[in-house]
Amino acid sequence: MTHTLRGMCTFNLWADDLQAATRWYAELLGMQPYFRSEDVGCGPGYVEFRIGDYQHELGIIDRRFAPPGLATAQGGTVVYWHVDDIAGTLARVLAMGAQLLDGVTERGPGFVTASVTDPFGNVLGLMFNRHYLDVLGGAHGQR
């Protein structure tokens, strides 16, 4: 069987100031990136973190390498990252300089969202998602 979309492998954000964005996300995530393009002789321009229960890749790319049309425009897609404490996480990112895009909103039983624009112009979605926990529990035998 062929699957069209198998799963998220890398999620990229863009920043005019890659060093500032790297510091901001390192503080938010509580870790340093595991990969820096300059460390492998490719020059500055890209860093990558492995985050979450499935070690998804979160990359930050210098905006000068953005595809045409993405250099200044916000995207139309919001990627929601599961968080256990949406109110606490939202308060933290706002205190770190993010701007509120959409406040805490109940979407149905077990589904609560919020979103912000990070200091670099990227939309960051936050979500408490009961299905995420169900899948995580099935995959890892935990909840």
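Structural data are supplied above this passage.
Computed from a prediction, not measured in an experiment: that's the story for all the values here. (Residues numbered from 1 in each chain as written. Predicted model: local features only at pLDDT ≥ 70, side-chain atom pairs only at ≥ 80, totals over all residues. Heavy atoms only, no water.)

(A) Examining the nonpolar core more closely. Counting residues in hydrophobic clusters, the biggest one holds 29 residues, and the most contacted among them are Trp 24, Tyr 25, Phe 49, Leu 58, Ile 60 and Val 93. Among the elements that line this core, the one with the most residues is helix α1 (residues 18-29), at 7 residues. Among residues more than four places away in sequence, those in contact with Trp 24 are Val 93, Met 96, Ala 98, Asp 118, Pro 119 and Phe 120. (Core = buried A, V, L, I, M, F, W, Y, C linked by side-chain atoms within 4.5 Å. Buried < 20%, exposed > 50% of the residue type's maximum accessible area, 1.4 Å probe, protein only. Helix = DSSP H or I, 4+ residues; strand = E, 2+ residues; numbered from the N terminus. Contact = heavy atoms within 4.5 Å.)

(B) Unusual backbone geometry, seen in detail. Unlike most non-glycine residues, Gln 55 shows phi in positive territory, near 55°. Summarising the element assignment, Gln 55 is placed in the loop between β3 (46-51) and β4 (56-62).

(C) Summary view of the sheet that holds strand β5 (residues 80-82). Sheet architecture is open: 4 strands sit in the order β5-β8-β7-β6, paired in mixed fashion. Looking along the sheet, the strands with just one partner apiece sit at the ends: β5 and β6 (99-108). When the angles between neighbouring strand axes are averaged without regard to direction, this sheet yields 20°. Two elements, strand β7 (residues 111-117) and strand β8 (residues 123-129), share 7 bridges in a ladder whose sense is antiparallel. (Pairing = 2+ DSSP bridges. Axes fitted to C-alpha atoms, helices over the stretch in contact; angles between N-to-C directions.)

(D) Broad picture of the layout of surface pockets. Its boundaries defined by the atoms lining it, the largest pocket holds a volume of some 830 Å³. Elements with a minimum of two residues in the lining of the largest pocket: α1, β4, β5, α2 (86-95), β8 and α3 (130-140). In terms of residue class, the lining of the largest pocket is made up of 20 nonpolar, 5 polar and 3 charged. (1 Å grid on protein atoms, 1.4 Å probe; cavity = no way out; pocket = protein on both sides within 12 Å on 5 of 7 lines; lining within 4 Å. Points joined across faces, edges and corners; volume = space filled by probe spheres on them. Nonpolar A, V, L, I, M, F, W, Y, C, P; charged D, E, K, R; others polar.)

(E) Spatial organisation of the packing of aromatic side chains. All told, the structure shown has 5 aromatic pairs when counted by the stated rule. An angle of 75° between the planes, with centres 5.8 Å apart, marks the rings of Phe 11 and Trp 81 as edge-to-face. In this pair, Phe 11 is assigned in strand β1 (residues 10-15) and Trp 81 in strand β5, connecting sequence segments 70 residues apart. Comparing Phe 11 with Trp 81, the two get one shared label, buried. When the ring of Trp 24 is compared with that of Tyr 25, the centres are 4.8 Å apart and the planes differ by 70°; the resulting orientation is edge-to-face. Overall, the relative accessible area of 8% leaves Trp 24 in the buried class. Looking at Tyr 25, the relative accessible area reads 2%, which means it is buried. (Phe/Tyr/Trp six-rings, centres within 6.5 Å; stacked < 30°, edge-to-face > 60°.)

Interpretation note: all reported values are geometric properties and have no functional meaning in isolation.
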